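For reference, the chains in residue letters:
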Amino acid sequence: TQLLEQSPQFLSIQEGENLTVYCNSSSVFSSLQWYRQEPGEGPVLLVTVVTGGEVKKLKRLTFQFGDARKDSSLHITAAQPGDTGLYLCAGATGGFKTIFGAGTRLFVKA
Amino acid sequence: SAVISQKPSRDICQRGTSLTIQCQVDSQVTMMFWYRQQPGQSLTLIATANQGSEATYESGFVIDKFPISRPNLTFSTLTVSNMSPEDSSIYLCSAPGQGAYNEQFFGPGTRLTVL
């Protein structure tokens, strides 16, 4: 069974701090997505990483795909209250099936 | 990107009854997906709904409990049958994007509480 493990599960930080969320697996993924979900809404796609070692930036968010395509990280610089939400990594397992990590719940205090 | 709507947004139901959730996509898509998200947890795929054929269910989910319809390329329904409190959850539908990398677009979800 393919699993995606995310850490930490919960993070509460002050505005302006930096943080990193990790997504790890023993399986290789053809692509990996990061989503953010806010209360009462569905997950919203942030980024897709495809190539081993790839780094993508989205404003203050930096996403990295591991060289072996088994892991990924999300780094947020100078977090803001608007970054609060549930961050989910998701891996493509073949065809259109996707497995989701357990999620990291981030709370940024003003 | 696809815009997906769901109805109802939330409901409170009695044990033993059934609820049908509707999912509408603003463009034609071959596949639609139904997920369950239990409180504080991640997404678990219930089934893949294909137009013109029966839905494909994941392990632990059966058609008698979660019948799915897919009458056309923009619409699907999921019914939660004979509900129990353990069915209380958020139910989400999604559709794949146009890209080649399994990106999905999600509806806002239906929050179901079973008493």
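Residues numbered from 1 in each chain as written. Chains lettered and ligands numbered in written order. Predicted model: local features only at pLDDT ≥ 70, side-chain atom pairs only at ≥ 80, totals over all residues. Heavy atoms only, no water.

A. Fine view of the packing of aromatic side chains. Under the counting rule described, the total for this entry stands at eight aromatic pairs over all chains. On the numbers, 6.0 Å between centres and 70° between planes, the contact of phenylalanine 100 of chain A with phenylalanine 106 of chain B is edge-to-face. Taken together, the residues span two chains, with phenylalanine 100 of chain A in strand S10 (residues 97–100) and phenylalanine 106 of chain B in strand S10 (residues 104–106). Here phenylalanine 100 of chain A and phenylalanine 106 of chain B have matching classes, each one buried. Measuring from centroid to centroid gives 5.6 Å for phenylalanine 61 of chain B and phenylalanine 66 of chain B, while their planes differ by 65°, and the two rings are edge-to-face. Residue classification places phenylalanine 61 of chain B among the buried positions, given a relative accessible area of 9%. For phenylalanine 66 of chain B, a relative accessible area of 3% gives the class buried. Aromatic ring contacts, followed pair by pair, group Tyr35 and Phe100 of chain A together with Tyr35 and Phe106 of chain B into a single cluster. (Phe/Tyr/Trp six-rings, centres within 6.5 Å; stacked < 30°, edge-to-face > 60°. Helix = DSSP H or I, 4+ residues; strand = E, 2+ residues; numbered from the N terminus. Buried < 20%, exposed > 50% of the residue type's maximum accessible area, 1.4 Å probe, protein only.)

B. Expanded view of the pattern of salt bridges. Scanning the entire structure with this criterion turns up four salt bridges over all chains. The partner of aspartate 83 of chain A in a salt bridge is arginine 60 of chain A, with the nearest N and O atoms 2.9 Å apart. Of this pair, aspartate 83 of chain A sits in the loop between strand S8 (71–76) and strand S9 (85–94) while arginine 60 of chain A is found in the loop between strand S6 (55–58) and strand S7 (61–65), placing the two residues 23 residues apart along the sequence. Residues aspartate 87 of chain B and lysine 65 of chain B are paired through a salt bridge, measuring 2.6 Å at the closest nitrogen-oxygen approach. You can see aspartate 87 of chain B sitting in the loop between strand S8 (75–80) and strand S9 (89–96) and its partner lysine 65 of chain B sitting in the loop between strand S6 (56–57) and strand S7 (68–72), a full 22 residues away along the chain. (Salt bridge = Lys/Arg side-chain N within 4 Å of Asp/Glu carboxyl O.)

C. Geometry of the interface of chain A and chain B. With 22 residues of chain A in contact, the opposing surface of chain B contributes 18 residues. Carbon and sulfur atoms make up 56% of the area that chain A and chain B hide from each other, which totals about 1700 Å². On the chain A side of the contact with chain B, Phe96, Lys97 and Phe100 of chain A bury the most area, a combined 33% of that side's loss. Here chain A is connected to chain B by zero salt bridges. Counting every contact that joins chain A to chain B gives eight residue pairs in polar contact (both at pLDDT 80 or more). At the level of secondary structure, the elements contributing two or more residues to the side of chain A that touches chain B comprise strand S4 (32–37), strand S5 (44–49), S9 and S10 of chain A. Of the residues that constitute the side of chain A that touches chain B, the class distribution is ten nonpolar, nine polar and three charged. (Contact = heavy atoms within 4.5 Å. Buried area = accessible area lost by both parts, 1.4 Å probe. Polar contact = N/O pair within 3.5 Å; in protein donor to acceptor, adjacent residues only side chain to side chain. Nonpolar A, V, L, I, M, F, W, Y, C, P; charged D, E, K, R; others polar.)

D. Highlighting the state of the cysteines. Residues and elements named next belong to chain A. Scanning all chains against the criterion turns up two disulfides over all chains. At a sulfur-sulfur separation of 2.0 Å, the disulfide partner of cysteine 23 is cysteine 89. The sign of the 75° torsion about the S-S bond sets the cysteine 23-cysteine 89 disulfide as right-handed. Taken together, the residues span a long stretch of sequence, with cysteine 23 in strand S3 (residues 19–24) and cysteine 89 in strand S9 at a distance of 66 residues. Judged by relative accessible area, which is 0%, cysteine 23 ranks as buried. (Disulfide = S-S within 2.5 Å.)

E. Spotlight on the sheet that holds S7 of chain A. All names here are of chain A. The five strands lie next to each other as S1-S3-S8-S7-S6, forming an open sheet whose pairing is antiparallel. Taken across any chain shown, the strands that pair with only one partner, and hence form the sheet edges, are strand S1 (5–7) and S6. Taken over all neighbouring pairs, the strand axes of this sheet differ in orientation by 15° on average, direction set aside. Bridge count between S1 and S3: three bridges; the pairing is antiparallel. When the sheet's bridge partners are listed, glutamine 6 is paired in S3 with cysteine 23. (Pairing = 2+ DSSP bridges. Axes fitted to C-alpha atoms, helices over the stretch in contact; angles between N-to-C directions.)

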